[in-house]
Amino acid sequence: MWGCVTGFFTYETTKSVVVKSWSVGIINRIIQLLIITYFVGWVFIHEKAYQVTDTGIESTVMTKVKGFGYHQNRVMDVADYVFPPQGAAVFSIMTTVINTENQFQGRCPETSEKFNCTTDAECTKFLYSVVSSGRITGICHKTFNESEGRCEIEGWCPAEDDNVEIQPMLEVENFTIFIKNSVRFPLFNVTKGNLFPTKNSSEIINCTYDPESQPFCPIFRLGDIIHYTGHNKKKLLEKGGEVGINIEWKCDLDRDIQYCVPKYFFTRLDDPVQHKVSKGYNFRFAKYFKTETGTEFRTLHKVFAIRFDVMVTGNAGKFSTIPTLINLVAAFTSIGLGTVFCDIILLNFLKGAAQYKAKKFEEVSEAQIESSPKSSPDSHQSLKPDVKRSPDSGAISLSSFD
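Cut-offs applied
- Residues numbered from 1 in each chain as written.
- Predicted model: local features only at pLDDT ≥ 70, side-chain atom pairs only at ≥ 80, totals over all residues.
- Heavy atoms only, no water.
- Helix = DSSP H or I, 4+ residues; strand = E, 2+ residues; numbered from the N terminus.
- Buried < 20%, exposed > 50% of the residue type's maximum accessible area, 1.4 Å probe, protein only.
- Contact = heavy atoms within 4.5 Å.
- Expected span 1.5 Å × (residues − 1).
- Arc of directions from axis to C-beta.
- Axes fitted to C-alpha atoms, helices over the stretch in contact; angles between N-to-C directions.
- Parallel < 35°, antiparallel > 145°, perpendicular 65-115°, else oblique.
- Nonpolar A, V, L, I, M, F, W, Y, C, P; charged D, E, K, R; others polar.
- pLDDT = per-residue confidence, 0-100.
- Core = buried A, V, L, I, M, F, W, Y, C linked by side-chain atoms within 4.5 Å.

Engineer: Just give me the short version of the overall build of the protein, but keep the residues and values in it.
Structural biologist: Within the protein one finds ten helices and 19 strands. Per-residue burial over the protein gives 34% buried out of 402 residues. The contacts in the protein between residues at least 6 apart in sequence include a share of 69% that link residues at least 24 apart.

Structure, rendered in structure tokens:
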């Protein structure tokens, strides 16, 4: 207990030992140089740690599609192939449609082969199926002189047959998408848009985006977007898919606001390789009508489409004193890591490590101080002849020979 008490009431002070060793000195300077290079090159220049950053970007997106296509003997315009029509940040462009016309409420056989049956008992297992075109009645529907039939449904008849092969609308790749985007950084109260005031309306209307020659044009050709994603155009037109358009804003507000410009990136969001079921993208909608007698019927449309998600990301930075001081203190503190690393080498791996430890760590008690002969502050009698005193505040200097 007494040892614990005396050990607690102790005081440690730094003792400077100058080691004149080429190898340790070179290692020390290399480590310091690496630390300084990291903070100057990466932290301050690349990461701009001297800035305060606003990541709460506020954004609005408006889209508009243009182009005409030819599908199933019909000329298709924007009102036919764009869903929804409001010009939002998420929209779909139809590539293929399967129509099931003149559907009335009633009973009829399913069209899919997985609902084949020979007896009513075989249809009971589908009673609560959610993949059928209607509610399964449990009856095996057979035509005259047939031993095999299809399970009967109750709903809109005739049932949809989506196994037909239809050529996609190939003109889709020539459609254009106009994207109007405005962003605001609330911390700095800065607003910017992707339609630059330096360009007139004629230049904007007649341009087409190209990452090299026209990187700031807001009009994108759909075929080029598919090409930038790196995926197969034919399969995307046949089965549909999801494509992301990312507008990235990274603004350095210490520079002129004209250098705050967007960058566009394109990627396939759905993975056609990983998705074994329901590949691509499709949805259904219906148009309803009434006969002269008031009976309701409809035309069902199964649409394969390319869905576009326009996403806006980014941040803005501006010089601030507080983050600059914090990172400068961190830089100066980290330079001391070189000393720690060199101490580990000196005290554990170099020849004469025990002597280094003896010079670096020394225990002094009050009894030793009282019993030692008094000497003037400049007296060197406590030092061996080979040990020289450093001119800076009493530090002891050791050479490699020592």
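Engineer: Run through helix H2 (residues 22-46), naming residues and quoting values.
Structural biologist: Owing to its 3.6 residues per turn, the α-helix brings residues three or four apart onto one side. The terminal C-alpha atoms of H2, which comprises 25 residues, lie 34 Å apart, in line with the 36 Å expected from a rise of 1.5 Å per residue. Looking at H2, one finds that the buried residues are Val-24, Asn-28, Ile-31, Gln-32, Ile-35, Phe-39, Val-43 and Phe-44. Those residues of H2 hidden inside the fold are in contact with helix H7 (321-335) and helix H8 (337-348).

Engineer: Lay out the side chain of Glu-152 with the relevant residues and their values.
Structural biologist: Here Glu-152 is to be found in strand S10 (residues 149-157). Excluding anything up to four places from it in sequence, Glu-152 contacts Arg-107, Cys-108, Pro-109, Arg-135, Ile-136, Thr-137, Gly-138, Ile-139 and His-141.

Engineer: Please set out the environment of Leu-253 residue by residue, giving values where relevant.
Structural biologist: Relative to the assigned elements, Leu-253 resides in the loop between strand S14 (241-252) and strand S15 (262-268). You can call Leu-253 buried: its relative accessible area is 14%. Leu-253 sits 65 residues away from Phe-188 along the chain, and the two C-alpha atoms are 8.9 Å apart. The contact partners of Leu-253, leaving out residues within four places of it in the chain, are Phe-188, Val-190, Ala-316, Gly-317 and Lys-318.

Engineer: Can you break down helix H5 (residues 222-229) residue by residue, with the values?
Structural biologist: Of all the residues in H5, the buried ones are Leu-222, Gly-223, Ile-225, Ile-226 and Thr-229. Down the axis of H5, the smallest arc covering the buried residues is 160°, so these residues share one side. Phi turns positive one or two residues past the end of H5, at Gly-230, with a value near 80°.

Engineer: Give a description of the packing of H8 against helix H9 (residues 353-360) that names residues and reports values.
Structural biologist: Orientation of H8 relative to H9, taken along the N-to-C sense of each, is 120°, at an axis distance of 6 Å. Between H8 and H9, the interaxial angle falls into the category oblique. Of the residues in H9, those touching H8 at Asp-343, Leu-346, Leu-347 and Asn-348 are Ala-353, Tyr-356, Lys-357 and Lys-360. Its residues assigned to classes, the contact of H8 with H9 shows four nonpolar, one polar and three charged.

Engineer: Give me the lowdown on the environment of Pro-323, citing residues and values where you can.
Structural biologist: Within the secondary structure, Pro-323 is located in helix H7. Pro-323 sits 272 residues away from Gln-51 along the chain, and the two C-alpha atoms are 6.5 Å apart. If we skip the residues at most four places from it in the chain, Pro-323 touches Ala-49, Tyr-50, Gln-51 and Val-52.

Engineer: Just give me the short version of the confidence of the model for the protein, but keep the residues and values in it.
Structural biologist: Any region with low pLDDT has predicted coordinates that should not be read closely. On average, residues of the protein score 85 in pLDDT, and 89% of them reach the 70 mark or higher. Below a pLDDT of 50 lies the segment residues 375-402, which in the model reaches 34 contacts outside its immediate sequence neighbourhood of four places, other chains included.

Engineer: Tell me about the nonpolar core, residues and numbers included.
Structural biologist: If you look at the biggest cluster of nonpolar residues, it comprises 47 residues, and the most contacted ones within it are Tyr-81, Ile-93, Ile-177 and Phe-308. It is strand S17 (residues 296-319) that provides the largest number of residues to this core, a total of seven residues. In this structure Phe-308 touches Ala-89, Val-90, Phe-91, Ile-93, Ile-177, Leu-222, Ile-225, Val-243 and Ile-245, once residues within four positions along its chain are discounted. Grouped together as the second largest cluster of nonpolar side chains are eleven residues, Cys-108, Cys-117, Phe-126 and Ala-159 included.

Engineer: Which residues make up unusual backbone geometry, and what are the values?
Structural biologist: Residue Phe-83 is joined to Pro-84 through a cis peptide bond whose omega torsion reads -15°. Along the chain, Pro-84 falls in the loop between strand S6 (82-83) and strand S7 (90-109). That bond from Cys-157 to Pro-158 is cis: its omega, 0°, falls within 30 degrees of zero. Structurally, Pro-158 can be placed in the loop between S10 and strand S11 (176-185). Phi angles above zero are rare outside glycine, and Lys-48 is one such case at about 50°. Examined against the element boundaries, Lys-48 turns out to sit in the loop between H2 and strand S2 (51-54). Note on Lys-48: relative accessible area 27%, which makes it partly exposed. Despite not being glycine, Gln-72 shows a phi value in the positive range, around 50°. Inspection of the secondary structure puts Gln-72 in the loop between strand S4 (69-71) and strand S5 (74-76).

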